[in-house]
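# Per-entry structural report
Letter by letter, the chains look like this.
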Amino acid sequence: MTALEGEVYCRNPKILESFKNTAHFDFGVIEKGYGWIFPKSDHLSAGVLTLHPRIQSLKKPFEAYLRSKGITRDIQVRRLRGNPIPYAPAKKSRFSNPKGLVLGDAAGITDPITGEGIYFALKEALIAAEVIAEVLSGTATTAEYDRRIKTEILADAQLARLISHLVYSFSRVGNRVMDRFGRESAENLLKIITGEISYRQLYQLIFNPPEMGRIIRGLIF
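What you are looking at is a predicted structure, and each value in this text was computed from that prediction instead of being measured. (Residues numbered from 1 in each chain as written. Predicted model: local features only at pLDDT ≥ 70, side-chain atom pairs only at ≥ 80, totals over all residues. Heavy atoms only, no water.)

## So, the pairing of strand 4 (residues 44–50)
Most of strand 4 is tucked away: seven of the seven residues are buried. Burial along strand 4 is two-sided: Leu44, Ala46, Val48 and Thr50 facing one way and Ser45, Gly47 and Leu49 facing the other are all buried. Note: strand 3 (residues 33–39) against strand 4, seven bridges, orientation antiparallel. Considered in strand 4, the bridge of Trp36 is made with Gly47. Hairpin remark: strand 3 followed by strand 4, antiparallel, with four residues in the connecting loop. (Buried < 20%, exposed > 50% of the residue type's maximum accessible area, 1.4 Å probe, protein only. Helix = DSSP H or I, 4+ residues; strand = E, 2+ residues; numbered from the N terminus. Pairing = 2+ DSSP bridges.)

## Re the sheet that holds strand 3
Backbone hydrogen bonds hold the strands of a sheet together, and the pairing may be parallel or antiparallel. With respect to topology, five strands assemble into an open sheet ordered 2-3-4-1-5, the strand pairing being antiparallel. Two strands bound the open sheet, and with one partner strand each, they are strand 2 (24–27) and strand 5 (75–84). Neighbour-to-neighbour, the strand axes of this sheet turn through a mean angle of 15°, independent of strand direction. Packing of helix 2 (residues 59–68) onto the sheet brings it into contact with strand 1 (2–10), strand 2, strand 3, strand 4 and strand 5, and relative to strand 4 it is tilted by some 130°. (Axes fitted to C-alpha atoms, helices over the stretch in contact; angles between N-to-C directions. Contact = heavy atoms within 4.5 Å.)

## Digging into the packing of helix 3 (residues 118–137) against helix 4 (residues 143–169)
Two numbers describe how helix 3 lies on helix 4: the axes approach to 9 Å, and their chain directions differ by 155°. Considering the angle they form, helix 3 stands roughly antiparallel to helix 4. The handedness of the crossing between helix 3 and helix 4 comes out as right-handed. Mapping the contact onto sequence places Phe120, Lys123, Glu124, Ile127, Ala128, Glu130, Val131 and Glu134 in helix 3 and Glu144, Tyr145, Arg148, Ile149, Glu152, Ile153 and Ala157 in helix 4. Class assignment of the residues belonging to the contact of helix 3 with helix 4 gives a composition of eight nonpolar, no polar and seven charged. (Parallel < 35°, antiparallel > 145°, perpendicular 65-115°, else oblique. Left-handed = near helix turned anticlockwise from the far one by under 90°. Nonpolar A, V, L, I, M, F, W, Y, C, P; charged D, E, K, R; others polar.)

Read these as spatial facts, not as claims about activity.
Here it is in structure tokens:
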């Protein structure tokens, strides 16, 4: 993934006021990605993210996204910076050897939908702490970390990747879902970030006949 984000300061207080107490996620503003705007006390945090491998520059999509949201005049964009985000490690990736463990950005595991990596990094750190304690007590080797990362994190991330491909490949559907089920989607994402549910549980919740019927009816009517 690649992302470009900046802090947008608006000289017109009405612009800042119009985004107060809201968080915007807009699919389709960039191919295979989304744009976001979060309000802060005296400015807006905005950005675009894409999974598309051939999009080299995000500055024009970023500027176009701001224009589409009515953020055009009397603004100053500060700390505009790009972020390459590690995404979808190879199946043969190793996360440990007898000398140590890798986690966080080094492990290359981020949320396939949002590009957020803190949740997975914290979860990896908890697993690492438990495995290190087991290694020091002589009850396990560092290979246990590799096994747990693949079974407890990567298996869940693969299901999230499937959901992300559906959302990003059909951006109009993604926008429609956010329009109709935005609050519900945000609540489920919060539950995932806090560890209350997993993507596996969310997948099982969404892809069952009664729930799919409710979603389809909500998208059509």
